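Take a look at the letters that make up each chain.
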Amino acid sequence: MRSSGKHGAAENSRGISSHVLNLHQRLQHALSLGSWENKGKWHCSDIEVQRLVLRSIDAFLECISSETLRYPLIKDSVVQIMRALESIIQFKNQSILKLALDIAVKMVNILPSSTLQSHVLDLICPLVDLLSYQQLQVVISCATTLNIILSKLSSRQDREAWQILKESKAVVYLVQNIKLFYTKNQPIEYFQEMASLLSKMLWQWPSFRFCAWNDPIFLDVLDAVKLRPENSVKVVVLQLYSSLALCGNGADKLLENGESLLQMTVGCMDRSNTDSVRFEAFKLARCLVLTRRGCINMMNIYCEPLVNALTSTLSNWSSQPEEVAKSQRPIIEEALRLASITRWAGNHHVYFWRMGMDRVLVNLLLDNYHKIHQLRHELSVNELIIIVRECRNSILPLSYRPFIWDILGGLAANCSENINHEMHGNKLRLNILIISACFSFVNSIRTLRQITQNGLVIMSDCESASRAVLMMVYSPCKHIASLSRSILHEILKLHARDHTEYLLDIVNARLTRNKFGLPGNLQTVISLVCLACYCSLPEYGKHIIKLQGLKTVVAFIVWWFQNPVCATRASAVLHLVDAFSQKSCCVPDTDEWEGDNGLLLYSLWILGQLLHHSPHLKIHLSDGQLDFSEAKLIQNLQEICRSKNSQGSKWYAAYMLSYFELYGFPSRLGNRIGELLGEREDSDLKLDIVDEESVFVHEVILTVRCPSLLPPQVSTSQEMISTGISVKLEAQGRALKAIRLSAHVDHQILLKLLEYVYFGHLQASEDLVKKLKILARHCQLGSLVQLLCKKVPKWGASIPIFDLSLALGAAGYCFSDVILEASTTELVDWKCSFCSASAPHLHVHRVILASSCNYLRALFYSGMRDSHLQTIKVPVSWESLTKLVNWFYSDQLPVPEFDCRWDNMDPEKKFQEVHTYLELCWLAEFWLVEDLYKECYEVVASCLDSSRFLSTRIIQIAADFSLWKLAQVAADYMAPSYHQLRNSGELDALDNSVIEMVRAASVRLSQVGKYQ
């Protein structure tokens, strides 16, 4: 056996130089002076032996290279080195600790990632433990070593490394060290190492960000350090800010008083800084505008300087020599990504036009724009088309073009209606940009015929170019829309081949699949966008109809309703997928207008345009292949308006409903309030028209929804009579006002308008639409006017929400006829804005409460003593009461956002939050408010899912409220820990029946695991 071992050792060392073997023998001798314990741990308490081992390791590391690491003897030695270093660092002897850490830095620098990964995680915990050490150089060396280790981790080690860093409180130590840096006047190198390591951790693991951005002293230190002039300091500060801003809540916090931060950021974008500083500055700005909210906040604070920095950077790059331009590509890509904020409406659009973003885009796209500019008075549009076709920018990478189209599309979609481009001197540039986009649009259709997985970069260009053309031909700016359609028509004539039939074939092909994948889904989106562009031209729209395009699109919409395919643009288009989208957190997914319903949105867009070109065309759903009726289609469109779909899908669903003589946005609250229209029993206002039947309405609803129908408010009865208003007392003691309307008011049209006011939507035949438009304009109901005119929805337009919350303020106080008080409240120094009552309360309206709750309706109108109560005690807490009333008036239940704030919330506060919804759930069941019950149930279930420890406290309360479904949900979450909970005594406070629920859930869980 011994000779066999010697033979194996000889084989392992064959080919290794004698010098390396000598170093290896010295290392083994030093290690042999200690002892190897269980799990391969090396141990020795003798300081001199530790010092000898460290010197042996240091010498041995000198011989390590990619060549020597091929030998098993060297690989095995590396594992021993790491274990010995771990032991020595944990021993924390001050005389050799600095030497040990220097060698650790050397080791992680020399060894490749593949070699380090096996045991390097064992070093993290002792290194983190030293971050709180008193010796400055020790802490710096620890941070340096950890920084290198984290940069070399594989994705497989992410979870384990996160767990170690979390348990060892690494981020807490680093935040504390950065705060101490400022108070103890530590050297700047100390700050740089701490900040660099912290930013790496925050970038990699989103859950660590909260404790940094939520620390005001830490932010104050950063605020002071960011003014330092050293470039190396600027880089780490910008990186740290970027890591914080990757959290949507962190970005909001940074922008609360963000003027100085933005001033520094924009200053760092200047050409006087190094490329690394400029790159990090643009990266930080982009992190701050990952959300629409962040974009609005940033533009409100520092819009003009930021836009100026953006346009200057892009403009200067296009004029640089080719070699310089190539070196600055990372900066330019960040600048282009940042400039894509044009997709959101705001004041920044004014500055983009004013500062010549169109000129910048033209220079990026074309090599010789200056030559074209000299000929501007001699060129017709057709001549310009020919010239642009021959021009391309040689230094512009193909991967940058999608950003240019996104910027251009955003500028067109959010342009004001009557902007004068001649006044800005950019008429020629606008023509060139439109022509360039239209050429790329035509090329994108050709590309669809040649799709491969390797062509995703090209597909990204195709998608963004066709999308930009869509934005331009449907731009709210009449000049851009008209010019774009004219140029698109001319360019399509140059390419004699008609692609519409092929595009329809792609859409038809998708009807045979239930789900798409890349590139099929992207291919379908591009096809639909291209068809929508074609539909902007009447000639092609009619041609598509001849090709049975209407039938194809209707079939696709029906197919989508039966097989909804949801995918965001960012998940499908290559140029939008980057580290930011993968590492960001607490960012709402509702910011983009098309949301994840792009396929539905664009197909509805096409259908609307086809019907616009042929208004007398009818949608036939009687085809044997379509198991769908017109009533079913309408029902689905109305459901889109009511549900949590994207804003774009809702707008186009409402737009399509207008072709079925249905105008508006159906909603659940509208359906409930609509039942009140014309009911005399609940009304307090009568609209009188000469020779017509009076209409009974509710002043509070008209005040909030359509105040233009009411005369100006007056104070005395005499003034009321003189203005056409009279008041009489009903038998029940209610005051009923009467308003005499002009004889010119059409009774039928008034009823239709009131239908919209009460329901949020109306049904009207074409012969009523013209008069309805006039009255709707008079009443300033802009969204209704748009639908009555069948105007194409503006990209990015917000959905008008049916909301009566204004009635809870000053506007509705004078109509309030009942007060709600909570049964329990802990509010101190509460004060009502309208009365002197000291108990916390809400002034509400019987008619609104009764419309949503049959229990309250029965209470108010029973005729019994309780029906005349002026104050009602609701058996819930004040927090629950405010949420309840908010739901009655807006159909919106304020719910917790399960983001970093929730994850880091105090457990008791989290419990109180869930208890509020549990109370509401019980009350909703007791009051028979089914919709509210479902919403509260879902919120409580989601809270338990995100924080399972709550189940042990919630389950008994749910049982006490007889909410057995929720009690079962809590029991299911407790099931995996049943035995642990029982043994620890945590179940002792529960009723036996509740404990039995948990036990039964545990048994079911074990049986499922047994048979899987």
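Rules used throughout
- Residues numbered from 1 in each chain as written.
- Predicted model: local features only at pLDDT ≥ 70, side-chain atom pairs only at ≥ 80, totals over all residues.
- Heavy atoms only, no water.
- Helix = DSSP H or I, 4+ residues; strand = E, 2+ residues; numbered from the N terminus.
- Contact = heavy atoms within 4.5 Å.
- Areas by Shrake-Rupley, 256 points an atom, 1.4 Å probe, with all protein chains shown as cover.
- Salt bridge = Lys/Arg side-chain N within 4 Å of Asp/Glu carboxyl O.
- Buried < 20%, exposed > 50% of the residue type's maximum accessible area, 1.4 Å probe, protein only.
- Phe/Tyr/Trp six-rings, centres within 6.5 Å; stacked < 30°, edge-to-face > 60°.
- Disulfide = S-S within 2.5 Å.
- pLDDT = per-residue confidence, 0-100.
- Expected span 1.5 Å × (residues − 1).
- Arc of directions from axis to C-beta.
- Pairing = 2+ DSSP bridges.
- Axes fitted to C-alpha atoms, helices over the stretch in contact; angles between N-to-C directions.
- Parallel < 35°, antiparallel > 145°, perpendicular 65-115°, else oblique.
- Left-handed = near helix turned anticlockwise from the far one by under 90°.
- Nonpolar A, V, L, I, M, F, W, Y, C, P; charged D, E, K, R; others polar.

1. Regarding the overall build of the chain
Turning to step 1, where the next piece is worked out: Looking only at helices and strands, the chain has 54 helices and 11 strands in total.
Turning to step 2, where the next piece is worked out: When the backbone C-alpha atoms are referred to their principal axes, the chain occupies close to 115 × 85 × 60 Å.
Turning to step 3, where the next piece is worked out: Of all intrachain contacts in the chain linking residues separated by at least 6 positions in sequence, the fraction that spans at least 24 positions is 75%.
Turning to step 4, where the next piece is worked out: Surface accessibility of the chain: about 45400 Å² in total, with carbon and sulfur atoms responsible for 50%.

2. Quick word on the pattern of salt bridges
Turning to step 1, where the next piece is worked out: A full pass over the atoms with the stated rule returns 42 salt bridges.
Turning to step 2, where the next piece is worked out: The partner of E67 in a salt bridge is R70, with the nearest N and O atoms 2.3 Å apart.
Turning to step 3, where the next piece is worked out: A salt bridge links K737 to E699; its shortest N-O distance comes to 3.1 Å. One end of the pair, K737, is in strand β7 (residues 735-740); the other, E699, is in helix α39 (residues 699-705), and 38 residues separate them in sequence. As far as burial versus exposure is concerned, K737 and E699 are alike and both buried.
Turning to step 4, where the next piece is worked out: Salt bridges here are not isolated pairs; linked through shared partners, they connect R286, E333, E334, R337 and D578.

3. Section: the packing of aromatic side chains
Turning to step 1, where the next piece is worked out: All chains considered together, the criterion is met by 27 aromatic pairs.
Turning to step 2, where the next piece is worked out: Taking 5.1 Å as the distance between ring centres and 35° as the angle between the ring planes, the aromatic pair formed by F181 and F191 counts as tilted. Placement of the pair is F181 in helix α10 (residues 170-183) and F191 in helix α11 (residues 188-204), with a sequence separation of 10 residues. You'll find F181 and F191 in the same group, each marked buried.

4. Section: the state of the cysteines
Turning to step 1, where the next piece is worked out: Applying the stated rule across the entire model yields 0 disulfides.
Turning to step 2, where the next piece is worked out: In this structure C287 is not part of a disulfide, and its nearest cysteine sulfur, from C585, lies 11 Å away.
Turning to step 3, where the next piece is worked out: The structure places no disulfide on C303, whose sulfur is separated from the nearest cysteine sulfur, that of C295, by 8.4 Å.
Turning to step 4, where the next piece is worked out: In this structure C303 comes out as buried when scored by relative accessible area, which is 7%.

5. Some thoughts on the confidence of the model for the chain
Turning to step 1, where the next piece is worked out: Mean pLDDT over the chain works out to 87, with 90% of the residues at or above the 70 mark.
Turning to step 2, where the next piece is worked out: A low-confidence stretch, residues 1-9 (pLDDT under 50), is modelled with 0 contacts involving residues beyond four sequence positions or located in other chains.

6. Examining helix α28 (residues 478-494)
For an α-helix, 3.6 residues make a turn, and residues three or four places apart therefore share a direction.
Turning to step 1, where the next piece is worked out: Counted at 1.5 Å a residue, the expected span for α28 with its 17 residues is 24 Å, and the 25 Å between its end C-alpha atoms agrees.
Turning to step 2, where the next piece is worked out: Turning to α28, its buried residues number three or more, namely I480, A481, L483, S484, I487, L488, I491 and L492. The arc that holds every buried residue of α28, seen down its axis, measures 165°, which confines them to one face. Across α28 from its buried face, at more than 90 degrees, point the exposed residues K478 and K493.

7. Brief notes about the pairing of strand β9 (residues 818-824)
Turning to step 1, where the next piece is worked out: The sheet contact formed by β9 and strand β10 (residues 841-844) spans 4 bridges and is antiparallel. Counted as the bridge partner of L820 is L842 from β10.
Turning to step 2, where the next piece is worked out: The pairing of β9 with strand β11 (residues 871-877) spans 5 bridges and is parallel. Following the sheet pairing, L820 is matched in β11 by I872.

8. Observations regarding the pairing of strand β4 (residues 685-688)
Turning to step 1, where the next piece is worked out: Every second residue of β4 is oriented toward a common face, with L685 and L687 on one face and K686 and D688 on the other, all of them buried.
Turning to step 2, where the next piece is worked out: Pairing of β4 with strand β5 (residues 695-697), which is carried by 3 bridges, proceeds in the antiparallel orientation. Residue pairing for β5: L687 is matched across the bridge by V695.
Turning to step 3, where the next piece is worked out: Where β4 folds back on β5, the antiparallel hairpin that results is connected by 6 residues, among which D691 adopts a positive phi of roughly 60°.
Turning to step 4, where the next piece is worked out: Note: β4 against β7, 4 bridges, orientation parallel. Bridge pairing in β7 links K686 to A738.

9. A few points about the environment of E256
Turning to step 1, where the next piece is worked out: One can find E256 in helix α15 (residues 248-256).
Turning to step 2, where the next piece is worked out: Considering only alpha carbons, one finds E256 and C814, 558 residues apart in sequence, at a separation of 37 Å.

10. Focus: the packing of α11 against helix α14 (residues 231-245)
Turning to step 1, where the next piece is worked out: At a closest axis distance of 9 Å, the pairing of α11 and α14 adopts a crossing angle of 30°. In terms of their interaxial angle, α11 and α14 are classed as roughly parallel. Read as a crossing pair, α11 and α14 show a hand that is left-handed. Between α11, through I188, F191, Q192, A195, S196, L198, S199, L202 and W203, and α14, the contact on the second element is made entirely by S232, V233, V236, V237, Q239, L240, S243 and L244.

11. A short note on the sheet that holds β10
Turning to step 1, where the next piece is worked out: Strand order in this open sheet of 3 strands is β10-β9-β11, and the pairing throughout is mixed. Every interior strand has two partners, whereas the edge strands, β10 and β11, have only one. Going from strand to strand, the sheet's axes swing by 30° on average, the running direction of each strand aside.
Turning to step 2, where the next piece is worked out: Sheet strands touched by helix α47 (residues 878-890): β9, β10 and β11. Its angle to β11, the strand with the most contacts, is close to 115°.

12. Things to note about unusual backbone geometry
Turning to step 1, where the next piece is worked out: A positive phi angle, near 60°, is found at K169, a position not held by glycine.
Turning to step 2, where the next piece is worked out: With respect to the helices and strands, K169 occurs in the loop between α9 (158-167) and α10.
Turning to step 3, where the next piece is worked out: In this model, Q548 sits at a positive phi of 65°, which is unusual for a non-glycine residue.
Turning to step 4, where the next piece is worked out: Position of Q548 relative to the elements: it lies in the loop between α31 (538-546) and α32 (549-562).
Turning to step 5, where the next piece is worked out: A residue is classified by how much of its surface remains accessible, and Q548, at 48% relative accessible area, is partly exposed.

13. Things to note about the packing of helix α17 (residues 275-288) against helix α18 (residues 292-318)
Turning to step 1, where the next piece is worked out: Packing of α17 against α18 brings their axes to within 11 Å, and their N-to-C directions diverge by 150°. On the basis of their axis angle, the class for α17 and α18 is roughly antiparallel. The crossing of α17 and α18 is left-handed. Here R278, F282, A285 and L288 of α17 lie close against α18, whose contacting residues are G294, C295, M298, L306, A309, L310 and T313.
Turning to step 2, where the next piece is worked out: In the contact of α17 with α18, the residues fall into 8 nonpolar, 2 polar and 1 charged.

14. Looking at the environment of R83
Turning to step 1, where the next piece is worked out: Take R83: it is sitting in helix α4 (residues 72-91).
Turning to step 2, where the next piece is worked out: Taking relative accessible area as the criterion, R83 reaches 23% and is therefore assigned partly exposed.
Turning to step 3, where the next piece is worked out: Once the C-alpha coordinates of R83 and W42 are considered, the two residues, 41 residues apart in sequence, prove to be 6.2 Å apart.

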